[in-house]
Amino acid sequence: MHNFARQEINRFFSTYDGWTITPLPEAGGYDRQFSAERTISGNRESKKVLVSFDKCVKKEKIEALRSSVTGPYGQVQKSDVIVIVPQNSDTSCIPPDVRLSFMNSFAFDGNELAWTKKPVQKSEEEKAKAKVTA
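What you see is a predicted model; the values in this text were computed from it and never measured.

A.B. asks: Please give an account of the packing of aromatic side chains that cites residues and values.
C.D. replies: One pass over the full model with this rule turns up two aromatic pairs. Centroid distance Phe13 to Trp19: 4.8 Å. Interplanar angle 65°. Geometry classified as edge-to-face. In this structure Phe13 comes out as buried when scored by relative accessible area, which is 4%. The exposure class assigned to Trp19 is buried, which follows from its relative accessible area of 7%. Arranged with centres 5.4 Å apart and planes meeting at 90°, the rings of Phe53 and Phe106 form a pair that is edge-to-face. Taken together, the residues Phe53 in the loop between strand 3 (43-51) and helix 2 (59-67) and Phe106 in strand 5 (residues 99-109) connect sequence positions 53 residues apart. Given the relative accessible area of 6%, Phe53 is considered buried. Phe106 gets classed as buried once you look at its relative accessible area, which sits at 7%. The ring of Phe12 has Arg11 lying over it, and the distance from NZ or CZ to the ring centre is 4.6 Å.

In structure tokens, the structure reads:
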């Protein structure tokens, strides 16, 4: 499950673009927190990412992630917060200033978390049978 979470983060923050992704201490439960940083032309860009598998992300988790942003000398760094949740999640809990992204690998089916697989490609014979029966 966490491998899929890491794949989702790599989809947004490519190492080709200079992003360095560092896992932060565990948030508890299945949630994971990451720090994505890069330096471009002397400017340091930092993002804090929360990957949550909850139906509704609690505001306390987001506020805890915001408060954990400190620099190497104790100064407070400005950092954007990004929340990645499964598809069909309740997004009313997430503040409007937080960037929201959806996972491709997981979705909620009612109140149950389900793994969404890629659609299976049909063979030419199955496509021909489907055309004949239609």
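Now, onward.
A.B. asks: How would you summarise the side chain of Ser105 if you had to cite specific residues and measurements?
C.D. replies: As for its placement among the helices and strands, Ser105 is situated in strand 5. Ser105 gets classed as buried once you look at its relative accessible area, which sits at 10%. There is a polar contact of 3.2 Å between the side chain of Ser105 and the side chain of Glu8. With residues up to four places along the chain from it excluded, the contact list for Ser105 reads Phe4, Glu8, Ala114, Trp115 and Thr116.

A.B. asks: Could you give me a rundown of the environment of Ser52, with the residues and numbers involved?
C.D. replies: Take Ser52: it is sitting in the loop between strand 3 and helix 2. On the basis of relative accessible area, Ser52 is assigned to the buried category, the value being 0%. When sequence neighbours within four positions are dropped, the list of residues in contact with Ser52 reads Asp31, Val57, Ile84, Val85, Pro86 and Met103. Among the polar contacts made by the side chain of Ser52, one reaches the side chain of Asp31 at a distance of 3.2 Å. Here the side chain of Ser52 touches Asp54 through a polar contact of 3.2 Å, landing on its backbone nitrogen.

A.B. asks: Break down the state of the cysteines for me, with residues and values.
C.D. replies: Following the criterion strictly, the structure yields one disulfide and no others. Here Cys56 is linked by a disulfide to Cys93, with a sulfur-sulfur distance of 1.5 Å. Classification of the bridge connecting Cys56 and Cys93 rests on its S-S torsion, roughly -100°, and on that basis the disulfide is left-handed. On the criterion of sequence distance, the pair formed by Cys56 in the loop between strand 3 and helix 2 and Cys93 in the loop between strand 4 (80-87) and strand 5 is long-range, its members being 37 residues apart.

Procedures and definitions
- Residues numbered from 1 in each chain as written.
- Predicted model: local features only at pLDDT ≥ 70, side-chain atom pairs only at ≥ 80, totals over all residues.
- Heavy atoms only, no water.
- Phe/Tyr/Trp six-rings, centres within 6.5 Å; stacked < 30°, edge-to-face > 60°.
- Buried < 20%, exposed > 50% of the residue type's maximum accessible area, 1.4 Å probe, protein only.
- Helix = DSSP H or I, 4+ residues; strand = E, 2+ residues; numbered from the N terminus.
- Lys NZ or Arg CZ within 6 Å of the ring centre and 35° of its normal.
- Polar contact = N/O pair within 3.5 Å; in protein donor to acceptor, adjacent residues only side chain to side chain.
- Contact = heavy atoms within 4.5 Å.
- Disulfide = S-S within 2.5 Å.

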